[in-house]
Amino acid sequence: KCHLASAKMLTLDNSVDESLNLGARLDVQTCTPWRAPIIWDGMFISEIWDQRHQTEGASVALTVFAVGRYLDAYLWDFLNSSEHYFMLGLPVIYYVFTDMPQKVPDIKLPHLRTMRIINVKRHSRWQDISMMRMKTIADTIESDIRHHSTHVFCFDVDQVFTGRFGSEALGDSVALLHAYFYHLPKERFTYDRNPKSKAYMETGDFYYHAAVFGGSWKSVKALTEACYQSIMEDKKNNVEALWHDESHLNKYLWLHKPSRVLSPEYGWDPSIGYMNDIQVTRLLWAPKQYEKLRVP
Ligand code: 2GW
Ligand code: MN
């Protein structure tokens with residue numbers, strides 16, 4: 001049932017409209033078992049989604065962290081590319097979290113796109129730089145974002161937009177399929193397997209990538225708060241989940257299914273090489289510079 005329906009063009013309420021069936025996708029999974037759409041190129045008409053969200057008054061907060069050496073290495077490309085591709089046509093507020101506010105590039109923003117630069121302290125362990133984003137995002141949604149934006153998207157900074165990443169990606173709770181795992185059987189997913197960690201799980205639905213997640217401010221607040229709670233519980237118990245915040249995110253999304261799932265077009269690693277089902281790339285992983293960036 002799901003498969004047949006999903007071969008049709010997705011309409012605004014996720015029902016099927018034959019008249020909009022311009023480009024069905026039969027080569028990929030376009031629907032989760034709980035009937036959330038998985039967004040692939042060819043499944044949506046951009047203009048319809050833009051119009052709908054504009055009418056409904058959607059607005060988007062984008063959070064990104066650029067702490068320490070990641071600022072010089074990645075932030076300019078990230079912001080500059082997002083100005084070309086991220087949620088064009090909707091109001092956007094960037095929340096840039098950094099320990100060096102004065103070094104944030106001065107990017108010229110058009111009407112209805114603004115930036116807030118927020119000073120954060122630099123955690124000494126990189127695992128904490130990554131994990132503690134959950135706490136900062138939750139706090140900022142509570143203090144600021146919820147008063148200004150209907151939706152929130154949270155990004156790793158080591159990425160570059162290369163194609164439309166637009167309102168088709170908006171939903172109540174949105175998660176991204178990890179580019180390395182969407183073709184692999186569940187047994188290969190790198191969930192946390194230590195029963196002592198709050199992130200422990202035996203099985204799940206997908207392996208989601210923590211580099212991109214989003215949703216309504218309410219559901220992102222709930223997600224980030226829950227992940228932060230679990231991270232702190234682990235610290236109390238002297239354990240750390242295998243992939244840090246990503247492990248906790250996967251656990252949360254297994255217990256609270258996302259309402260919308262993004263295909264790996266929305267977070268692709270070009271070093272994977274050619275894949276039949278990737279017909280456009282919208283966000284690419286920037287080259288890792290571990291030698292340069294991960295030395296103490
Ligand atoms: C991270 C690792 C090692 C050394 C430095 C950092 C670091 C990260 C940093 O010095 N400054 C900084 O701002 N960050 C932020 O944390 C930045 O936004 C970055 O994109 C994010 C996650 O770190 P990253 O991109 O190096 O980790 P990945 O690409 O291996 O990320 C996956 O796994 C992480 C947990 O290990 C997170 O879950 C991440 O969301 C995943 O994509
Ligand atoms: Mn990253």
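Residues numbered from 1 in each chain as written. Chains lettered and ligands numbered in written order. Predicted model: local features only at pLDDT ≥ 70, side-chain atom pairs only at ≥ 80, totals over all residues. Heavy atoms only, no water.

A. Spotlight on the site of ligand 1. Around ligand 1 there are 20 residues in total, and Phe-65, Val-67, Tyr-70, Asp-156 and Lys-288 lie nearest to it. Note that an oxygen atom of ligand 1 is positioned 3.5 Å from one of the backbone N or O atoms of Ala-211. Contacts to ligand 1 include Asp-245, whose side-chain N or O atom sits 2.8 Å from an oxygen atom. Burial of ligand 1 by the surrounding chains reaches 95%, relative to a free accessible area of 730 Å². Contributions of two or more residues to the shell around ligand 1 are made by helix 4 (126–131), strand 8 (208–216) and helix 7 (245–255). (Near = heavy atom within 4 Å. Polar contact = N/O pair within 3.5 Å; in protein donor to acceptor, adjacent residues only side chain to side chain. Areas by Shrake-Rupley, 256 points an atom, 1.4 Å probe, with all protein chains shown as cover. Helix = DSSP H or I, 4+ residues; strand = E, 2+ residues; numbered from the N terminus.)

B. Looking closely at the pattern of salt bridges. Within the structure shown, the criterion is met by 20 salt bridges. A salt bridge links Arg-113 to Glu-83; the nearest nitrogen and oxygen atoms lie 2.6 Å apart. With Arg-113 in strand 4 (residues 113–119) and Glu-83 in helix 3 (residues 70–85), this residue pair connects regions lying 30 residues apart in the sequence. A single burial state applies to Arg-113 and to Glu-83, both of which are buried. A salt bridge links Lys-235 to Asp-128, with the shortest nitrogen-to-oxygen separation between them at 2.6 Å. Of this pair, Lys-235 sits in helix 6 (residues 217–236) while Asp-128 is found in helix 4, placing the two residues 107 residues apart along the sequence. Judged by its relative accessible area of 28%, Lys-235 is partly exposed. When its relative accessible area of 11% is taken as the criterion, Asp-128 is described as buried. Taken together, the salt bridges that share partners define one network made up of Arg-125, Asp-128, Lys-235 and Glu-240. (Salt bridge = Lys/Arg side-chain N within 4 Å of Asp/Glu carboxyl O. Buried < 20%, exposed > 50% of the residue type's maximum accessible area, 1.4 Å probe, protein only.)

Just geometry here; none of it tells us what the structure is for.
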